[in-house]
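Read off the chains here:
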Amino acid sequence: MGRASVVGRLFFFLVLVFFFLVAVKLFGNSVETFGSESIKSLFDGLKNPFAGLAVGILATALIQSSSATTSIIVAMVGSGQLDFATAIPMVMGANVGTTITCLVIAFGHVGDKITFGRAFAGGTVHDNFNILTVCILFPVEILTRHINGTGFLEGSALYLTGFLTGGTAAASASSTTLGSLNPINATVAPVAAAIQEFFFRLPILEGNWKAIPSAIFALILLIISLIWITKNMKVLIAGKAEVWIQKILSERGYLGLLIGFTLTMIVQSSSITTSLLVPMYAAGIITPFQAFPILVGANIGTTTTGLLASTVSDSSLGITIALVHTLFNVVGTLIFYPLPFMRKIPVAISEFFASKVIQHRIWALVYVVMVFFVIPITGIFIWKDPPKEGLNAPQAEMQNVEEGGELGVRSEG
């Protein structure tokens, strides 16, 4: 391949990635517009930690944004409508729910069962890592809360918040964004907003239903861009380049972790980082095991946006929620990444599901529906309490600042 051809394909690749990011942004905006008020109603009447976990998964799977889910959680905790300890399982659930984006993108390759199997295997690694981390840390949180009165993540986050803020607490949560500092978001967001505005002006549907056409257009654009990204990458990253990438990811895993962390900090979305890997899985350029450090790094990287935003907002409550998210991902990384045999566990589970999907592609749909919708909805139905009028009893305790400078955000457990 000549130099001019390589430059041309690189430019074409960047154009395709731009439209891919526009499609992801547009789809997320459309879904959030359609269901934001309904999502907020899910958080009413929560006391049971299992219900909180289920709501976190379902809400984030519906709006495909863990940041949006966390913002709602912070606002409700700050207003006293949601117990802080209950919010922690919801943050864990949000970490699981956000991984559905990769699987949605993997369905763009459903036409070829082998390609789809590779994309599905890569997409589910992110799911399995977060699900396994929840399976470990959720019981630990419940057990330590029962023994000590404060859960492991809860106590650690409160301690770190007191250390970072000098022992002062804000009475309410405030939300800020670093989007203005993100050149990628600053480029993509206006285009997505313009497309959404175009569809909103069409006299087809009324109210929030106007978001449906833009969501459909986003999915079409997503699939088309993915198909061409995969085709282009097969030609662009062939021969020595492919071997070079595979060698870096297999022999220098910590570099992959750093890449995932840094890229996610730049684009401020783990979904974008992990989704960009799906065409590489589909093309057979990298394997799920080689990409695992990037996924782990992206998981940690996505927590920095909320952490930095909450620090700038000077909200102790926002910092505490952000620290819970960070601690969850850091501890999960320490459990599954340092030892090679532990890394193989989520990958092996993903490859098992992929083998079933290659035989019968319907199993992919069954997996997504069960993990992200049926199980959480069932959990909510079983464990969620009916909403109560007014503010609950722990409100004063959550917003109280004890004398001596200690953070007064505590729960009854």
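Just so it is clear, the model here is predicted, and its values are computed rather than measured.

1. Section: the overall build of the chain
- When its secondary structure is counted, the chain shows 17 helices and 0 strands.
- Across the 413 residues that make up the chain, the buried fraction comes to 52%.
- Here the analysis covers contacts within the chain between residues at least 6 apart in sequence; of these, 80% occur between residues at least 24 apart.
- Surface summary for the chain: the accessible area is close to 18,600 Å², and the carbon and sulfur share equals 68%.

2. Here's the deal with the environment of Met90
- Here Met90 shows up in helix α4 (residues 84-97).
- Met90 gets classed as buried once you look at its relative accessible area, which sits at 0%.
- Between the C-alpha atom of Met90 and that of Ile57, which follows or precedes it by 33 residues, the distance is 7.5 Å.

3. Quick word on the packing of α4 against helix α6 (residues 113-148)
- Put simply, α4 and α6 touch, their axes get as near as 10 Å, and they point 170 degrees apart. By the angle between their directions, the pair α4 and α6 is classed as roughly antiparallel. Residue-level contacts link Ala85, Ile88, Pro89, Met92, Asn95 and Val96 of α4 to Asn130, Ile131, Val134, Leu137, Phe138, Glu141 and Arg145 of α6.
- The residue makeup of the contact of α4 with α6, split by class, is 9 nonpolar, 2 polar and 2 charged.

4. Notes on the nonpolar core
- Counting residues in hydrophobic clusters, the biggest one holds 82 residues, and the most contacted among them are Met92, Leu277 and Phe372.
- Other than its neighbours up to four places away in sequence, Met92 contacts Leu53, Val134, Leu137, Phe138, Glu141, Leu153 and Phe328.

5. A few points about the pattern of salt bridges
- By the definition in use, this model includes 1 salt bridge.
- Note that Arg201 and Glu197 form a salt bridge whose closest N and O atoms lie 3.1 Å from each other. Of this pair, Arg201 and Glu197 both sit in helix α8 (residues 183-201), 4 residues apart, which is roughly one turn of that helix.

6. Some remarks on the confidence of the model for the chain
- Summarising the model, the chain shows a mean pLDDT of 75, and 68% of its residues fall at 70 or more.
- For the chain, helix α17 (residues 395-399) is the element with the lowest average pLDDT, namely 39, and α6 is the one with the highest, namely 91.
- The model gives residues 168-181 a pLDDT under 50, and that stretch makes 28 contacts with residues more than four places away or in other chains.
- For residues 389-413, every residue scores under 50 in pLDDT, and the model assigns this stretch 58 contacts once sequence neighbours within four places are set aside.

7. Some points on the packing of aromatic side chains
- Inspection of the entire model under this criterion finds 12 aromatic pairs.
- Here Arg343 stacks its cationic end above the ring of Tyr337, 4.3 Å away from the centre of that ring.

8. Description of the environment of Ile345
- Locating Ile345 in the fold gives a position in helix α15 (residues 340-359).
- Judged by its relative accessible area of 32%, Ile345 falls in the partly exposed class.

9. A few points about α15
- Under the 1.5 Å per step criterion, the end-to-end length of α15 is 29 Å for 20 residues, consistent within 8% with the ideal 28 Å.
- The set of residues buried in α15 consists of Met342, Arg343, Pro346, Val347, Ser350, Ala354 and Val357.

10. Quick notes on a nonpolar patch on the surface
- A surface patch of nonpolar side chains, amounting to about 670 Å² of accessible area, comprises Ile362, Trp363, Leu365, Val366, Val369, Met370, Val374 and Ile375.
- Here Leu365 is to be found in helix α16 (residues 362-383).

11. Topic: α6
- Under the 1.5 Å per step criterion, the end-to-end length of α6 is 51 Å for 36 residues, consistent within 8% with the ideal 52 Å.
- Its maximal kink placed at Thr124, α6 deviates by approximately 25 degrees.
- The N-cap of α6, judged by a side-chain oxygen 3.1 Å from the amide nitrogen of Ile114 a few residues on, is Asp112.
- Gly149 lies just past α6 and shows a positive phi near 85 degrees.

12. Some details on the packing of helix α2 (residues 49-63) against α6
- Between α2 and α6, the least distance of the axes is 11 Å, while the angle of their chain directions is 145 degrees. The chirality of how α2 crosses α6 is right-handed. Contacts from Pro49, Phe50 and Leu53 in α2 reach Val134, Phe138 and Ile142 in α6.
- Taken together, the residues that form the contact of α2 with α6 break down as 6 nonpolar, no polar and no charged.

13. A closer look at the side chain of Asn329
- With respect to the element layout, Asn329 can be found in helix α14 (residues 316-336).
- Here the side chain of Asn329 touches Asn95 through a polar contact of 2.8 Å, side chain to side chain.
- Aside from chain neighbours lying at most four places away, what touches Asn329 is Asn95, Asn130, Asn299, Ile300 and Thr303.

14. Considering the environment of Ser355
- Within the element layout of this structure, Ser355 appears in helix α15.
- Among the residues examined, Ser355 registers a relative accessible area of 31% and is labelled partly exposed.

Reading the values: the criteria
- Residues numbered from 1 in each chain as written.
- Predicted model: local features only at pLDDT ≥ 70, side-chain atom pairs only at ≥ 80, totals over all residues.
- Heavy atoms only, no water.
- Helix = DSSP H or I, 4+ residues; strand = E, 2+ residues; numbered from the N terminus.
- Buried < 20%, exposed > 50% of the residue type's maximum accessible area, 1.4 Å probe, protein only.
- Contact = heavy atoms within 4.5 Å.
- Areas by Shrake-Rupley, 256 points an atom, 1.4 Å probe, with all protein chains shown as cover.
- Axes fitted to C-alpha atoms, helices over the stretch in contact; angles between N-to-C directions.
- Parallel < 35°, antiparallel > 145°, perpendicular 65-115°, else oblique.
- Nonpolar A, V, L, I, M, F, W, Y, C, P; charged D, E, K, R; others polar.
- Core = buried A, V, L, I, M, F, W, Y, C linked by side-chain atoms within 4.5 Å.
- Salt bridge = Lys/Arg side-chain N within 4 Å of Asp/Glu carboxyl O.
- pLDDT = per-residue confidence, 0-100.
- Phe/Tyr/Trp six-rings, centres within 6.5 Å; stacked < 30°, edge-to-face > 60°.
- Lys NZ or Arg CZ within 6 Å of the ring centre and 35° of its normal.
- Expected span 1.5 Å × (residues − 1).
- Patch = residues over 30% accessible without salt bridge, like charges linked within 9 Å, V, L, I, M, F, W, Y side chains within 5 Å.
- Bend = angle between axes of the 7 residues up to and from the residue.
- Polar contact = N/O pair within 3.5 Å; in protein donor to acceptor, adjacent residues only side chain to side chain.
- Left-handed = near helix turned anticlockwise from the far one by under 90°.

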